Number of protein chains: 2
Amino acid sequence: MKARKAASELEDISEAECWELLGGHKMGRIAIVVDGKPQIFPVNYGLKGKVIVFRTAAGTKLAYAPDSPVAFEIDDYDGAAGEGWSVMVQGLGRDVTEAADDFAWSARGARGVRPAAPGEKLHWIAVDPTVISGRRFRADDRTGSPPS
Amino acid sequence: MKARKAASELEDISEAECWELLGGHKMGRIAIVVDGKPQIFPVNYGLKGKVIVFRTAAGTKLAYAPDSPVAFEIDDYDGAAGEGWSVMVQGLGRDVTEAADDFAWSARGARGVRPAAPGEKLHWIAVDPTVISGRRFRADDRTGSPPS
């Protein structure tokens, strides 16, 4: 077991490890901006190289993610240890459902994102990453919050 | 154990249950908008009535959450069952660290948000809610994603 760390300890996660963590998880959250206001939705996702791909039906995500700045986040938190980590990818949302360009073709090959059954009209959204960052944090009773 | 549900099943969570879920958890995520781009950060939070409160050091959250639209989200996902839920609160961020108005006084009484140790210069941010919504979803191999 890890020794307890100082309350304010905050450790950056390397880009390589951020991608490893993204590759090892299936559920994350996408943030989009609707009329200047952020919204957050959980999504099942897959990775193709360094592109995050998820599927969605018609709705807010499909209406506001494509061709817009988005953020994608995964995290984990061990309440007993008071330790956690998070990875955030900022990038551009792209509708790759039918586009014939190389990016879209590639994104549709993402592992873990199964083809839609016929008639379900599901759409594929990719996050084309521009910035990735990750942090391990410790949130105990004294700090009350992971440092920003 | 719950019977497996249809792939597309999606169930709204009542406002009352959303607040119950928020009251029963400690870790969530705040989304803010920075130069038109969303960002997501995990935070430990507490509740005071229907106000979400978290603490932060100087940084992005402190710079961009106050007096701005924010979203706060909690979720849980059982990978084995393929079932999960999420609650999202949209509202206005408010810096309640020192403000003397009733809202700030009340927010500083949030349970689970401990006082900062002297000299740590931590700030208290509250989310004044305008919209709350929650959903239970099923994300199996066929749909690949919780419906939006």
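Calculation rules
Residues numbered from 1 in each chain as written. Chains lettered and ligands numbered in written order. Predicted model: local features only at pLDDT ≥ 70, side-chain atom pairs only at ≥ 80, totals over all residues. Heavy atoms only, no water. Helix = DSSP H or I, 4+ residues; strand = E, 2+ residues; numbered from the N terminus. Buried < 20%, exposed > 50% of the residue type's maximum accessible area, 1.4 Å probe, protein only. Phe/Tyr/Trp six-rings, centres within 6.5 Å; stacked < 30°, edge-to-face > 60°. pLDDT = per-residue confidence, 0-100. Contact = heavy atoms within 4.5 Å. Salt bridge = Lys/Arg side-chain N within 4 Å of Asp/Glu carboxyl O. Arc of directions from axis to C-beta.

(A) Spatial organisation of unusual backbone geometry. All names here are of chain B. Not every positive phi belongs to a glycine, and Asp 35 is a case in point at roughly 55 degrees. Its location among the elements puts Asp 35 in the loop between strand 2 (27-34) and strand 3 (37-48). Its identity is not glycine, yet Asp 67 carries a phi of approximately 60 degrees, on the positive side. For Asp 67, the position within the fold is in the loop between helix 2 (60-64) and strand 5 (69-78). Residue classification places Asp 67 among the exposed residues on the basis of a relative accessible area of 65%.

(B) Here's a closer look at the packing of aromatic side chains. All names here are of chain A. Going through the model one piece at a time under the given rule, you end up with four aromatic pairs over all chains. Ring centres 4.8 Å apart and planes at 70 degrees place the aromatic pair Tyr 45 and Phe 72 in the edge-to-face group. One end of the pair, Tyr 45, is in strand 3 (residues 37-48); the other, Phe 72, is in strand 5 (residues 69-78), and 27 residues separate them in sequence. Take Tyr 45 and Phe 72: they sit in the same class, and that class is buried.

(C) Inspection of the confidence of the model for chain A at higher detail. Residues and elements named next belong to chain A. Taken over all residues, the pLDDT of chain A has a mean of 86, while the share at 70 or more is 82%. Note on residues 1-7: pLDDT under 50 across the span, and 13 contacts to partners over four residues away in sequence or across chains. With a pTM of 0.87, the predicted complex shows an ipTM of 0.86.

(D) Region of interest: the pattern of salt bridges. Evaluation of the coordinates by the stated rule reveals 20 salt bridges over all chains. The salt bridge partner of Arg29(A) is Glu73(A), with a shortest N-O separation of 3.0 Å. Here Glu73(A) lies in strand 5 and Arg29(A) lies in strand 2 (residues 27-34), a separation of 44 residues in the sequence. This pair shows no difference in class: Arg29(A) is buried, exactly as Glu73(A) is. Among the ionic pairs, Arg135(B) bridges to Asp12(B), the shortest N-O distance being 3.8 Å. With a gap of 123 residues between them, Arg135(B) in strand 7 (residues 123-138) and Asp12(B) in strand 1 (residues 10-13) connect regions that are remote in the sequence. Arg135(B) sits in the partly exposed class, given a relative accessible area of 32%. Each of the salt bridges in this network shares a partner with another, and the network as a whole consists of Arg29(A), Glu73(A), Asp75(A), Arg29(B), Glu73(B) and Asp75(B).

(E) Main features of the environment of Gly134(A). Residues and elements named next belong to chain A. Its location among the elements puts Gly 134 in strand 7 (residues 123-138). Along the chain, Gly 134 and Cys 18 lie 116 residues apart, while their C-alpha atoms are 6.0 Å from each other. Sequence-distant contacts of Gly 134, that is, excluding residues within four places in its chain, are made with Glu 11, Asp 12, Ile 13, Cys 18, Ser 86 and Val 87.

(F) Quick look at helix 1 (residues 15-23) of chain B. All names here are of chain B. Among the residues making up helix 1, those that are buried are Cys 18, Trp 19, Leu 21 and Leu 22. Viewed along the axis of helix 1, the buried residues span an arc of 160 degrees, placing them on a single side of the element. Structural note: helix 1 exposes Ala 16 and Glu 20 on the side pointing more than 90 degrees away from its buried face. On its buried side, helix 1 packs onto strand 1, strand 3, strand 5, strand 6 (83-95) and strand 7.

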